[in-house]
Structure formats: structure tokens, C-alpha cells
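Chain residues, written in single-letter form:
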Amino acid sequence: MYKLTFFAAVMMLASTACSGGSKAQTGVASDSDSVAVPVETHLTLLVAGDLMQHGPQINAARRSNGTYDYSDCFTNVKSEVSAADVAVANFEVTLGGPPFKGYPCFSAPDEYLRAILDAGFDVLTTGNNHCLDTGKRGLERTIMMLDSLHVPHLGTYVDKAAREADYPLLVEKNGFRLVLLNFTYATNGLRVSAPNMVNYIDTTQIAADIAKAKTMNPDVIIAIPHWGIEYAMTPNSPDVKLADWLLAKGVDHVIGGHPHVLQPFEWRNKDQANGGNLVAYSLGNYISNQNKPNTGIGAMVKLQFTKCVTKEKGQETSSVHLDSCAYTLTWCSRPAVSGQRNYRVVPVATSDDLLNASDRSRRNTDAATARRIFNKYNKEIEEYEFEP
Ligand SMILES: [Zn+2]
């Protein structure tokens, strides 16, 4: 069921996208003898789950000269992440500077961010329950580091003016205008210090933000909530309601995280003119030192869009179609099991030769659980494989 049908499906669907959009006026003859020819462009969006950083990860990355080296961590997923036009993940640490700390108040070395960028991630969310782990200084230093490396980010802000200028986040790529939203259920009991701002789940505020997003001439609006019950393999009813509400308000796709385990994915309304909506309740951990059942496994979702633009009589009309939506599973191989020097994220389906017997056994157990849950609850979405 999870064999590589994704790309074949993309190619088949993409050729029909210019006739499938909700607002397209394609191939319409003008009042002269010319015919407006629609122009197609394509975009692949990949979203991964939570980038955690526990104490043992810091220790594994520390080198004898006092530097930190995370380059092993993403080697086996880099080709897939960097192939996406836009790759997004949740940056669930602060860059608060030394002393570097793991749970419960994360402060990661700056090299962690550099490795994440080197893997191919383009946009990071910071609206999560750990964004205040190192207080005002950490929130601001994290933003300063992201800004200094020109990394688009969303979820936390130094002040109201910065939020108003940068949120919702507009990402322009391949002629597409993606507008991203991100908000968190809470911040572990820590209060944000004025004038800093954290996006919380507040439907009055979110409704205003969606209204603003709609004024930004978006092709696609994506909400990335940080929500859910830790270790629960299915979403709770408030989050299901919130997902429905977000879609009803005009969000196109809802892609969540935080529970440290996977929760079901639904490709809804596939037959609609825009190709439908993804609701992914939880992408799970992407990298972490957690060892509870199902916390070693994560997912990346890949959405492939076609935009069709027609120019006629000085007027431009466009439509966007979601051609393909699929997910792939990843496994976090930890040194305590693998005997390797560092943590490594590897593809579940094609990583046998990268793992020892113990790691394979753990991966197989978690993958079997994930696939059992997904077979039962997922809607209209398939798994795909990639090579490390
Ligand atoms: Zn979280």
C-alpha cells in the first residue's frame, strides 16, 4: 500500500491542474484571434515535526575542542528535505546561549540550527511550549539568530511591531504566495515578558490573523498548531473542532505537532476544485532522545501544488491545485541503541542497512503501531518512500 506511487500520481494529476482550479479562467479566447495560454508553475512543500534537543543530544554533539557537531543528524534525510521548494519544521528549543541544557528548559548550541538549515529546512516555527524555556533573553536571542541567518520564522516576536510586520508569514517561491500561521496551546506555565509576544491558541486572535492572511493575496494558507495530548495516538475533540474551525475560516491545510507521537492524517475534500485540504494532527518527533513507545518515529508530509496563471486583456487570473499529498515515516536512531556517535534521522522504509538489529527491532515496532493507527484513521492519504 505504501509503495512509491506518489510521483507517478503527481505527474498524472499535474497535467490536469490548469483546468482544475477554483478561480481559473483558462484557455479562453480573447475578442481578437489570440488565445490566452495558461502558465503552470509547481511547488513542493514539505513539513516535518518537532526538532527536540535533549541533554544526551547535546552531549553526543559536543566535540573535545568544545564545539558542537550535528552534521550526522540529518545526512540521511537531507536529499529529501532539500529537494522540496519549501521545507518547514518546528524548532522546539531556544538558542539561549550557554549553559546548554536539555529537558525541561531547552537551550541548544547555535550549531544545532546550522545543521537544521544545512539539511535543507527553509522556515522554522517557534510558537511552541518551549519558546520561553530561557526566558526573555532566550526568546530574543533565538529570533536574533534566525534573523541573522535570514531564516523566515513565525510564532514568537520581540514586540508587537515585529509581529505586525512579519505575521502571518508570507513565503514567496516559484511564483507562489504561501501564508503560514503558527500558535501554541501554552508555554509550560511560563509567562511571556513584555514587549515579547507568543502566538497562543486564541480563536479571536487567530480569526483576525486569518482575516489578515486573506488580504495578502495568498495562494495557500497553512496553519501549524502546536497542540494535543502528549503520547496520545489520536487527536482530542477540542483539536478536531479547532481543525474544522480553521478550515471553515479559510485555512487550506492544518499541520500540527507536539504530542511526541504521530496522530492521523486526513486529505479532505480531494474532489474540490482546489484539490482539497490536509489535516495532519501530529507529525511526531523528528529528532529527540525520547525513548517511550512511538516517540522515535516521525513523519514528513509532502504537498505538491500547481499554480495556473492566465493573463488576458491586462487581467491576471490564477488558481492553485493540490495535486498530491503524501507522507513518509522517519526514525530517530539514538546512540544509546545504535552505538553510533550521534543521533540520526533515517527513512523508516529504506534504512535497514543503516541500523543495527536492536535499532531495527525498535523501529519495526513503532512503525507497525503507526501504520496500524494510520490504516484505521487516516483518510485518502498514502505513505511514500525515499532513499537515504
Ligand atoms: Zn511541544
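Procedures and definitions
- Within any chain, residue numbers begin from 1 and follow the written order of that chain's sequence.
- Only residues with pLDDT of at least 70 get local features here, since the model is predicted, and only at 80 or more are side-chain atom pairs given and counted; chain-wide, interface and lining totals rely on the full set of residues.
- Helical segments are the DSSP runs of H or I of at least four residues, strand segments are the runs of E of at least two, and each set is numbered from the N terminus.
- In this description the radius of gyration comes from C-alpha coordinates, and the expected globular size is given by 2.2 Å times residues to the power 0.38.
- Here exposure depends only on C-beta density: within 10 Å of a residue's C-beta, 20 or more other C-beta atoms make it buried, 12 or fewer make it exposed, and intermediate numbers make it partly exposed, the C-beta atoms being placed from the backbone.
- A helix is expected to span 1.5 Å for every residue after the first.
- Taking the helix axis as origin, the arc is that swept by the directions to the C-beta atoms.
- A pair of residues counts as a contact when their C-beta atoms, built from backbone coordinates, are within 7 Å of each other.
- Confidence of the predictor at the level of single residues is captured by pLDDT, which takes values from 0 to 100.
- The criterion for strand pairing is that DSSP finds at least two bridges linking the strands in question.
- Here an axis means a line fitted to C-alpha atoms, over the contact stretch when the element is a helix, while the angle between two N-to-C directions is reported on a 0 to 180 degree scale.
- Buried Ala, Val, Leu, Ile, Met, Phe, Trp, Tyr and Cys residues whose C-beta atoms connect them within 7 Å together make up a nonpolar core.

Summing up its helical and strand segments, the protein has 10 helices and 17 strands in all. By the compact-globule yardstick of 21 Å for 388 residues, the protein fits well, its C-alpha radius of gyration being 21 Å. Dimensions of the protein along its principal axes, counting C-alpha atoms only, are 75 × 50 × 40 Å. Within the protein, the proportion of its 388 residues that are buried is 50%.

Our next topic: helix α7 (residues 203-214). A rise of 1.5 Å per residue sets the reference length of α7, with its 12 residues, at 16 Å; its end C-alpha atoms lie 16 Å apart and thus fit the reference within 8%. Of all the positions in α7, only Ile206, Asp209, Ile210 and Ala213 are classed as buried. Taken around the axis of α7, the buried residues stretch over an arc of 100 degrees, which confines them to a single face. When the buried face of α7 is taken as reference, the exposed residues oriented beyond 90 degrees from it are Thr204, Ala208 and Ala211. Structurally, α7 contributes buried residues whose contacts are with β7 (176-184), β9 (220-226) and α8 (237-249).

On to the confidence of the model for the protein, then. Looking at the protein, pLDDT values average 92 and 91% of them are 70 or higher. In this model residues 1-16 is a low-confidence stretch, pLDDT under 50, and it forms 21 contacts with partners more than four residues away in sequence or in other chains. In this model, residues 20-33 is a region of pLDDT below 50 whose contacts with residues beyond four sequence positions or in other chains number 37 contacts.

Before going further, it helps to spend a moment on the environment of Tyr112. By secondary structure assignment, the location of Tyr112 is in helix α4 (residues 110-119). By C-beta crowding, Tyr112 is classed as buried, having 23 other C-beta atoms within 10 Å. Distance in space between the C-alpha atoms of Tyr112 and Asp271 is 41 Å, their sequence separation being 159 residues. Leaving out residues up to four positions away in the same chain, Tyr112 has contacts with Gln53, Tyr70 and Val93.

In a regular helix each residue adds 1.5 Å, so 13 residues correspond to 18 Å; α8 covers 18 Å between its end C-alpha atoms and thus fits that length. Of the residues making up α8, those classed as buried are Asp239, Leu242, Ala243 and Leu246. Seen end-on, α8 carries its buried residues on one side only, within an arc spanning 100 degrees. When the buried face of α8 is taken as reference, the exposed residues oriented beyond 90 degrees from it are Ser237, Lys241 and Ala248.

It is worth spelling out the pairing of strand β16 (residues 344-347) at this point. Taking every second residue as pointing to the same face, both faces of β16 are buried, with Arg344 and Val346 on one and Val345 and Pro347 on the other. Taken together, the four bridges between strand β15 (residues 315-333) and β16 define a ladder with antiparallel strand orientation. The residue of β16 that forms the bridge with Thr330 is Pro347.

Across the sheet, six strands lie side by side as β6-β7-β9-β10-β12-β11; this open sheet has mixed pairing. Taken across any chain shown, the strands that pair with only one partner, and hence form the sheet edges, are β6 (169-173) and β11 (262-268). In this sheet, adjacent strand axes meet at a mean angle of 15 degrees when their direction is disregarded.

Moving on, we get to the pairing of β6. When β6 meets β7, the two strands line up antiparallel, connected through five bridges. Each residue of the ladder has a partner; that of Lys173, found in β7, is Phe176. Hairpin connection from β6 to β7: two residues lie between these consecutive antiparallel strands, with Asn174 at a positive phi of about 55 degrees.

For the rest of this paragraph, the subject is the nonpolar core. Counting 102 residues, the largest nonpolar core has Leu180 and Val301 as its most contacted members. With eight residues, the top contributor of residues to this core is β15. The contact partners of Val301, leaving out residues within four places of it in the chain, are Val47, Ile255, Phe265, Leu278, Ala280, Leu283, Cys325 and Tyr327.

Residue Pro99 is reached from Pro98 by a cis peptide bond, and omega for that bond is 0 degrees. Relative to the helices and strands, Pro99 is located in the loop between β2 (86-91) and α4. The step from Ala194 to Pro195 runs through a cis peptide bond, and the omega angle for that step is 5 degrees. Residue position: Pro195 is located in the loop between β7 and β8 (197-198).

Once that is clear, we can look at the environment of Asn182. As for its placement among the helices and strands, Asn182 is situated in strand β7. Along the backbone, Asn182 and Asn269 are 87 residues apart, and their C-alpha atoms lie at a distance of 23 Å. Apart from residues lying up to four places away in sequence, Asn182 is in contact with Thr125, Gly127, Leu154, Gly155, Asn199 and Ile224.

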